[in-house]
Each structure stands twice: as C-alpha cells, then as structure tokens.
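Spelled out, the chains give:
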Amino acid sequence: MKMNKIHLILLMLTVSCSVATAQRMSRQSYIDFYKQWAINEMERVGIPASITLAQGILESDCGNSVLATEGNNHFGIKCHSDWSGETMYHDDDRSQECFRKYSSAYDSFKDHSDFIKQKSRYASLFSLDKNDYKGWAYGLKAAGYATDPSYPTKLIAIIEEMGLDVYDNCDATSSAENAHEYTYDINAGKVVRNSGNTDSRPKVKKDVSFTINPFHEHTVEYNNGVRYIAVIGGDTFEGIAREFHLMVSELLAYNDLDATADISSIKYLYIRSKRNRAHPDCQTHVVKEGDTLWSIAHKYGLKLRKLRKFNHLSVGDEINVGDELNLRRSK
C-alpha cells in the first residue's frame, strides 16, 4: 500500500518532534541528581561516593540506558541465583541476559551497595582507604564486577574528569548545602535547576543534624490515596527526605513547595506525588477565610497546577471567599 504525501509529512513531523523533545541526562545532571544518595550509601556501607557515581554514569549511560529507563537498574547488576525480585532481559555479553529490575532508582543504589558489601569476593576492597578510588576501580574489575579490561581506567577517567573524589570527603550534613540546587517551578509544574548567583540560594545551617531520630518515626497516613506524614517539632525537609529515601527536591515537588518554604508552618507533607484530581466524593470546594490555592490543593491531595487548570486560573490569580472551585475536571 502506497503512503500518500500527507501521511508521509505527518510521519516525518512526528519523528522530528520526538527527536527534538527527547532529552538525555548529562553527566553533570546525573551527578547533581544522585550525589546525595551516593554519599548516603557511602556512610551506610563504605563504598566511596565517587565510585558509586562513576559506576552509575558508566553502567547506565548517565541514566539514559534501557536498563535504567525501563528497569531503574543503574549499575548493570544481573539477576544471579539469589535474586527474587522483578527481572528484565537485555543483550549484554550474551543475548537476552537476565537483569534485576527495581521499583525506583533509589532501590538500585541501595542494592548496588548491598550487592558489593555482601559478596565475599569484594571483601578486601573495604580495607582500602576511603580516598583510594583507584584501588576500588581496579579491585572491582579484579573481583569480577565487569568483563571489560578497561573498566578501571574508564571509572578513574570519569572520577577525575568530573571531580567526583570531592564527595568521598562529604557527609550528609556538609552535602546538604546543595540540597536546594533543584527546586519546584510551580509555573512549569516540574523540578528545575536554580539559576543565577549561587549566593542567593538558601543556606543550610552547619549545625543542623540530619540523623534520623529513632523516637521521631513518622506514621504514614493516606489522603486521596497519597501517602503523607504529620510534621513533628524539630523536623527538617532534609531529615524527612532522608527517612523516606527521597531527594529534598522530590519532597518539595510532591508538596508544590519551593526552596524558601518554612517547614514550621506546614502541618503535614506528602511523601509521594499528589493526584491529578481529588477523590470522587470531593467534587468542589467553597473558599473560606484564610484559604489559598496551595492550602486547598494540599488539603485534598491534589496537584496545584491541576487545581488551577480545573478552574482556568493562572499563577497570580486571586480567589475570594465564597468562590466554588472545581477539584476534578468539570463535565
């Protein structure tokens, strides 16, 4: 069957648009997003953060590989006989080999640490100085992590080119100064990188402790099917994010907040993304004294941008007492 000119033009436009809109994560973006997890895992297990980041960059092609995008597998870890989780198949040394599949990228980072820590063949690596990233790179190859003979030199090149060894001397507190590098842009409805002079970014006090207080365990509740926790006195965004294995930027995004938010004025925080609409039993809300669009969206577990969209409101538009707002798409 011949394709007419119109269909051919539409196909070409579709392909060109797909190419134009596809965005690859760069090395620096990958580092910015995942350095905190690498540092946390270094503290928990002992693998240098530089090694974790370099392996993630190399194994996942900066988070752009099929294993990473479809299976959240950032370290190319195969199934092995002791794996009981989800799996996916991908060509590697052999055709259609079995790889571990994770529910989140964080699970991949954690499993990478546990995999190396628990396998006896890597035991000698933990006797190395924490700043000996070269020893770790060659040790991983010698222990059989990869078959590529140039694997160590590739890791070392990434570490030295990107200056990743600086993170080997960080801890969760010192690295928290970078926690606000990404914020939630309410207008765009997504997490974006801050621009401008870094001196204008909010500073985190040096004496803030990010250690999870075992007596401050948060009870998880549900609103509109979304998990949330009540804010306890002394809580910080950083502490809650760490407790629930999130980046601060994610926690802020889930709650339609930016880096200037004051946690002491917030009663509860969602630890998963809010919904695109309120519960079916909650069709509308009548604005009361003190209500804001943010407080209304927060109350119903509804994304702020969706609340605006349902009511044809733009950023900066005001609401008045007595206004009836749609919490779901109007029929």
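### Some words on the nonpolar core
I51, I116, Y122, L140, Y145, L164 and Y167 are the most contacted members of the largest nonpolar core, which totals 41 residues. Breaking this core down by element, the ones donating at least two residues are α2 (27-44), α3 (49-60), α5 (105-118), α6 (133-142) and α7 (151-162). Considering every element that reaches this core, the biggest residue donor is α2, with seven residues. Among residues more than four places away in sequence, those in contact with Y145 are Q55, E59, F75, I77, H112, F115, I116, Y122, L140 and Y151. Membership of the second largest hydrophobic core comes to 15 residues, among which are F244, V248, Y254 and I271.

### Concerning the state of the cysteines
Chemically, a disulfide is nothing more than a covalent bond linking the sulfur atoms of two cysteines. Evaluated as defined, the whole model comprises one disulfide. Note on cysteine connectivity: C79 is disulfide-linked to C98, with sulfurs 1.9 Å apart. On the sign convention where negative means left-handed, the S-S torsion of about -75° between C79 and C98 marks this disulfide as left-handed. With C79 in the loop between α4 (66-71) and β1 (87-90) and C98 in strand β2 (residues 97-100), this pair connects stretches of sequence that are 19 residues apart. On the basis of relative accessibility, which here comes to 8%, the residue C79 falls in the buried class. By relative accessible area, C98 is classed as partly exposed at 21%.

### Here's the deal with the confidence of the model for the protein chain
The share of residues in the protein chain with pLDDT of 70 or more is 78%, and the mean pLDDT across the chain is 79. Confidence drops under pLDDT 50 across residues 5-22; counting only partners more than four residues distant or on other chains, this segment forms two contacts. Across residues 173-216, confidence stays below pLDDT 50; counting only partners more than four residues off in sequence or on other chains, it has 76 contacts.

### Here's the deal with the environment of H245
Along the chain, H245 turns up in the loop between α8 (237-243) and α9 (248-254). The class of H245 is partly exposed, set by a relative accessible area of 40%. Spatially, the C-alpha atoms of H245 and K110 are 9.9 Å apart, while their sequence positions differ by 135 residues. With sequence-adjacent residues up to four places away left out, H245 is seen in contact with W37 and Y106. Polar contacts involving the side chain of H245 include one to the side chain of Y106, which spans 2.9 Å.

Cut-off values and rules
Residues numbered from 1 in each chain as written. Predicted model: local features only at pLDDT ≥ 70, side-chain atom pairs only at ≥ 80, totals over all residues. Heavy atoms only, no water. Core = buried A, V, L, I, M, F, W, Y, C linked by side-chain atoms within 4.5 Å. Buried < 20%, exposed > 50% of the residue type's maximum accessible area, 1.4 Å probe, protein only. Helix = DSSP H or I, 4+ residues; strand = E, 2+ residues; numbered from the N terminus. Contact = heavy atoms within 4.5 Å. Disulfide = S-S within 2.5 Å. pLDDT = per-residue confidence, 0-100. Polar contact = N/O pair within 3.5 Å; in protein donor to acceptor, adjacent residues only side chain to side chain.

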